[in-house]
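# Remarks on the overall topology
Read off the chains here:
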Amino acid sequence: MTNHDPSQSGPAATMPAAASAGLPVLIVDDHSIFRSGLRAELDANIVVLGEAATVDAAIAAVIELQPRVVLLDVHLPGGRGGGGTEVIREAAPHAPHTLFLALSVSDAADDVVSVIRAGARGYITKSASGAEVSEAARRVAEGDAVFSPRLAGFVLDAFGAVAGETAETTEELDRLSARETEVMRLIARGYSYKEVASTLFIAAKTVETHVSAVLRKLQLSSRHELTAWALARKLL
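Residues numbered from 1 in each chain as written. Predicted model: local features only at pLDDT ≥ 70, side-chain atom pairs only at ≥ 80, totals over all residues. Heavy atoms only, no water.

### Quick word on the pairing of strand β4 (residues 99-104)
Of all the six residues making up β4, six are buried; the element is thus mostly covered by neighbouring parts of the structure. Where burial is concerned, the two faces of β4 agree: the one with Leu99, Leu101 and Leu103 and the one with Phe100, Ala102 and Ser104 are both buried. By the bridge criterion, four bridges tie strand β3 (residues 69-72) to β4 in an arrangement that is parallel. Counted as the bridge partner of leucine 72 is alanine 102 from β4. Taken together, β3, helix α4 (residues 83-91) and β4 form a β-α-β motif whose crossover is right-handed. Handedness of the crossover is the feature at issue here: the chain leaves β4, passes through helix α5 (residues 109-118), returns alongside strand β5 (residues 122-125), and the resulting connection is right-handed. (Buried < 20%, exposed > 50% of the residue type's maximum accessible area, 1.4 Å probe, protein only. Helix = DSSP H or I, 4+ residues; strand = E, 2+ residues; numbered from the N terminus. Pairing = 2+ DSSP bridges. Right-handed = clockwise from strand over helix to strand, strands pointing away.)

Right under this line is the structure:
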């Protein structure tokens with residue numbers, strides 16, 4: 001592995017041979033002690049491809065390394081001042097198979113909502129253990145939305161109900177078939193496609209088709225938006 005100074009704007013070091021043995025992740029945080037500690041505590045089947053400490057370095061690393069999951073701090077120096085949100089918006093179009101899990105000391109509502117709106121699939125605080133971060137990364141890689149318990153309320157509020165939304169919810173649900181509604185509820189609860197397929201005794205490909213239809217009919221763009229939508233309408 002080549003040496004890389006994560007404070008610079010270049011991409012992080014890569015370990016392509018090891019990536020095949022586990023879940024490839026990129027750690028993005030501007031504190032070297034935290035990066036080192038997290039790397040040491042992650043499960044053995046989590047493969048750290050590299051690290052980055054700034055917005056510019058993170059964008060370059062995501063594009064070059066194409067990790068499955070980015071463990072992303074919200075507040076980062078560099079770039080145009082957008083922190084983790086900027087990393088997601090700039091890097092995601094160039095890494096279509098990469099997912100972002102926010103991992104931050106901040107539990108402020110504005111930070112949570114901002115990064116989720118940008119496209120992060122989850123948000124957990126740095127008080128989580130290495131095992132908890134590893135499990136969260138695996139769940140995100142499988143398509144789940146993951147939040148620290150108290151942070152889910154911020155997401156609910158951000159996408160929350162307003163007066164008169166009950167009627168609107170009924171109208172929205174009427175667009176879905178009975179099977180699509182079943183799939184929607186399970187997906188919103190964090191089930192993977194395979195788990196939904198097993199629960200409903202249908203093929204995983206059929207689940208994928210139903211999810212695409214649900215997102216289109218509800219005018220949502222991702223599973224994490226679906227989870228927030230369902231939480232806000234108290235459908236879970």
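### Here we look at the layout of surface pockets
A water-sized probe, rolled over the atoms, reveals where empty space remains. In this structure, the largest pocket spans a volume of roughly 470 Å³. Going through the elements one at a time, β4, α5, α10 (193-200) and α12 (223-232) are the ones with two or more residues in the lining of the largest pocket. Considering each element in turn, the lining of the largest pocket owes the most residues, three residues, to α12. Looking at the lining of the largest pocket residue by residue, the classes come out as eight nonpolar, eight polar and seven charged. Empty space within the second largest pocket amounts to approximately 190 Å³. Considering the residues around the second largest pocket, the lining is formed by 12 residues, among which Ile124, Ala128, Glu132, Ala136 and Ser148 are closest to the centre. Every element with two or more residues in the lining of the second largest pocket is listed here: β5, α6 (130-141) and β6 (146-147). (1 Å grid on protein atoms, 1.4 Å probe; cavity = no way out; pocket = protein on both sides within 12 Å on 5 of 7 lines; lining within 4 Å. Points joined across faces, edges and corners; volume = space filled by probe spheres on them. Nonpolar A, V, L, I, M, F, W, Y, C, P; charged D, E, K, R; others polar.)

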